[in-house]
Amino acid sequence: VCFIPGGLDCSISFVSHVLGKVCIHGRQKEILGVLVPRLADLTRSDCIWQRICWRLVEGVPDRWMEAVVLGFVQRAPRADVLSRLLGNLVVKNKKAQFVVTQKMLLLQYGHTTAVLQSLLGYLSLDSLRRTLLLRVLQELLETWSSSSAVKHSPAEQQLYISKAILICLSHLKEPEIESCRQELLTSMMEGVKCHLDSSLPQLRRLGMVVAENISLKINTEGPVLKFEYEEDDETRELKSLLVQTPSFCVVPSLPDDDESGKAGAALPLVPEGNETSHRAAPVMPDEESDAELDSDDDLIPYDMSEDTELKIKAPVYIRDCIEVLTGSGSEDVDKWEATVKALESLVRKNPAATREVSVELAKILLHLEEKTCIEGFVELRQRAQVAVLTTDPIPVAKYLTSQFYSLNYSLRQRMDILDVLVLAAQELSCPKFHGKTKHSGAQKPCIQLLPGSDSSQGWRRIVDERIKSKTRRFDTGQSRVELASHPNEFNSVAGYFFFPLIQHFDRPLTTFDLLGEDHLVLGRLVHTLAVLMYLAVNTVAVTAMGKALLEFVWALRLHTDSYVRQGLLSCVSSLLLSVPTERILADMTEELLETQSWLGDVMEKDPDGDCRRLALQNLLLMENLKKKLEAVPS
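Conventions used here
- Residues numbered from 1 in each chain as written.
- Predicted model: local features only at pLDDT ≥ 70, side-chain atom pairs only at ≥ 80, totals over all residues.
- Heavy atoms only, no water.
- UniProt positions renumbered as here; feature names shortened; annotations may be inferred.
- Helix = DSSP H or I, 4+ residues; strand = E, 2+ residues; numbered from the N terminus.
- Buried < 20%, exposed > 50% of the residue type's maximum accessible area, 1.4 Å probe, protein only.
- Areas by Shrake-Rupley, 256 points an atom, 1.4 Å probe, with all protein chains shown as cover.
- Salt bridge = Lys/Arg side-chain N within 4 Å of Asp/Glu carboxyl O.
- Phe/Tyr/Trp six-rings, centres within 6.5 Å; stacked < 30°, edge-to-face > 60°.
- Lys NZ or Arg CZ within 6 Å of the ring centre and 35° of its normal.
- Contact = heavy atoms within 4.5 Å.
- pLDDT = per-residue confidence, 0-100.
- Axes fitted to C-alpha atoms, helices over the stretch in contact; angles between N-to-C directions.
- Parallel < 35°, antiparallel > 145°, perpendicular 65-115°, else oblique.
- Left-handed = near helix turned anticlockwise from the far one by under 90°.
- Nonpolar A, V, L, I, M, F, W, Y, C, P; charged D, E, K, R; others polar.

Per an unreviewed UniProt entry, the protein goes by the name Telomere length regulation protein TEL2 homolog and belongs to Promerops cafer. Quoted verbatim from the Sequence similarities (unreviewed entry) heading of the UniProt record, the comment on the protein is "Belongs to the TEL2 family."

Draft legend 1. Region of interest: the overall build of the protein. Each helix and strand counted, the protein has 33 helices and two strands in total. Residues counted as buried form 45% of the 634 residues belonging to the protein. As displayed, the protein offers around 34400 Å² of accessible surface, 54% of which is attributable to carbon and sulfur atoms.

Draft legend 2. Seen up close, the pattern of salt bridges. One pass over the full model with this rule turns up 25 salt bridges. Residue K92 pairs with E58 through a salt bridge whose shortest N-O separation is 3.2 Å. One end of the pair, K92, is in helix α5 (residues 89-92); the other, E58, is in helix α2 (residues 47-58), with 34 residues separating them in the sequence. In this structure, D80 engages R84 in a salt bridge whose closest nitrogen and oxygen atoms are separated by 3.8 Å. Of this pair, D80 and R84 both sit in helix α4 (residues 79-86), four residues apart, which is roughly one turn of the helix. Neither residue differs from the other here; D80 and R84 are each classed as buried. Salt bridges sharing common partners tie together E344, R348, E379, R383 and E427.

Draft legend 3. Molecular detail of the packing of aromatic side chains. In the structure shown here, the tally under the stated rule is six aromatic pairs. Ring centres of W336 and F377 lie 5.9 Å apart, and the angle between their planes is 25°; on these two criteria the pair is classed as stacked. Here W336, found in helix α20 (residues 333-349), pairs with F377, found in helix α23 (residues 377-391); they are 41 residues apart in sequence, far enough to count as distant. As far as burial versus exposure is concerned, W336 and F377 are alike and both buried. Geometrically, the ring pair formed by F404 and Y405 is edge-to-face, given 4.9 Å between the ring centres and 85° between the ring planes. The exposure class assigned to F404 is buried, which follows from its relative accessible area of 0%. An aromatic cluster is defined as three or more aromatic residues linked by ring pairs; in this entry it consists of F404, Y405 and F512. Its guanidinium or amino end placed over the ring of W554, R557 lies 3.8 Å from that ring's centre, counting from NZ or CZ.

Draft legend 4. Up close: the environment of L509. Along the chain, L509 falls in the loop between α27 (494-503) and α28 (519-535). Taking the C-alpha atoms as reference points, L509 and Y405, separated by 104 residues in sequence, lie 8.1 Å from one another. Excluding anything up to four places from it in sequence, L509 contacts Y405, S406 and L407.

Draft legend 5. Looking closely at the confidence of the model for the protein. Per-residue pLDDT for the protein averages 80, and the proportion of residues at 70 or more is 78%. The low-confidence segment residues 247-289, where pLDDT is below 50, has 19 contacts with residues more than four positions distant or belonging to other chains. Counting contacts from residues 433-456, a segment whose pLDDT is below 50, to residues more than four positions away or on other chains yields 43 contacts.

Draft legend 6. Structural context of the packing of helix α1 (residues 13-42) against α2. Closest axis-to-axis distance for the α1/α2 pair is 12 Å, and the angle between their directions is 165°. Comparing the axis directions of α1 and α2 gives the class roughly antiparallel. The chirality of how α1 crosses α2 is left-handed. Residue-level contacts link V15, S16, L19, L35, L39 and L42 of α1 to W49, C53, R55 and L56 of α2. Here the residues of the contact of α1 with α2 sort into eight nonpolar, one polar and one charged.

Quick look at the structure:
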């Protein structure tokens, strides 16, 4: 019972019941959209209305509490408004506490950043609720540093938890950080390891950003963690969360001492900076006078206007290139740079000479390391490797695929082998364009698979283009490129690229375990096999490749890494698009039915959004195969 101006006492429990029932029956938006702004207005300067509002939410029965609390949190514009509306409800009511500290932070991940800031700011604005803030931070860090959670939860949830951690850290005071410094450090080290082990670039970058900010918060005076990564809007937003916005976290009812203390701590920064700059200013003339004494301005410079840069002549024979890259000529840095830059064009201009030493040259390029800071070295080396492989495909492909499973190679070298195989297969399989077209936009280039790009995005482009190419459109359209008939050079060599890669994936080596800790390379291997399968369309070996690939996919279908699962689903897509329909139905009927059942489970249960999308896409392709079969007259 609360006192209302006018001399009357009344109970508002009935209003609480009505509010709860309206919210639980799906009218939360309508009632709270009006009620929350009005109550926020009334409680701004009236403590009586604050007490009425607290009684209102405290009187809601537990079975309806979640809908009411969720609505208030989502519609309160700031943390101080939410604090006025809910008071210490999370301390008094266990159901409200569960919703705020567990469900909205750990079990859901669809709320906006503003809602997170409002919710966690609300927990930080009262001494009784700050204990819940520390407990929430501990539970968030446990989830963030759990390898199982990183593997099995979607990237969107990982981002949501990371934001919540940084917002919690922004509200911690120095004594609180000091009391849990060791726990923060332990969680940071475990969490960054789990995220760096992930195959997804987004999760690795997320781990780096969060670890950097935790380190910055707990090591204010000592060295902090620093990673190298490309900044984007997401990383900038995460970093901004560590800095509090005053309007989100200052409550008018806080004691004046705290505010004056904060102001006093902030204001001296400017005068100190000014004093320092003024003190440093008089020193400048002395330094300048000393510099003038040591100046070399009186010396007359040489006239170098007619000097020309000495150009190093690149080798003109393949064997000369080998000698420069491996022999005594490697000491001449300028000649070495000129050789690396000229090697690709030299290989393509001299195919006969290249075939004589192709395997030796492929070995040299695979082990070639950068001796100088040459611009674009990795790309130059890769293009030279692709040129050698396309010039003499069979022996070089045999060598590269055998080295992929050999000892004493780094993971980077193994992934380089996969990249070269994909780019060479693409070059061999793409038809050469001849003739001219009236419209320059009509010519469409082959699908470009960049090794550094996100493979899942590349596969969206691949499948979409293939589906588009199989779609009949009845219109006049633009003039098209006149293609001269040209044999698919990948036809006769596809098996040499594909089958050696798929043979030994389940045999661990001393330094290389695809089914163990080297799942990043496994993911790249799976995506490479998918691309090779796609490029093998209309080749003789495509049916045998498809059957082997389907068995490979079935063996790895339950892999825990989402990047690997995305690659497996891409393999199914490439198989359905490349293998002729009659061969699929004749040779792989049972396997296809099992795969269809697995795809249904992935579409419904997989935590990764890309996996669910790819599974649905594959089911639609299978449905098209079924319709095509039914359309064939018996």
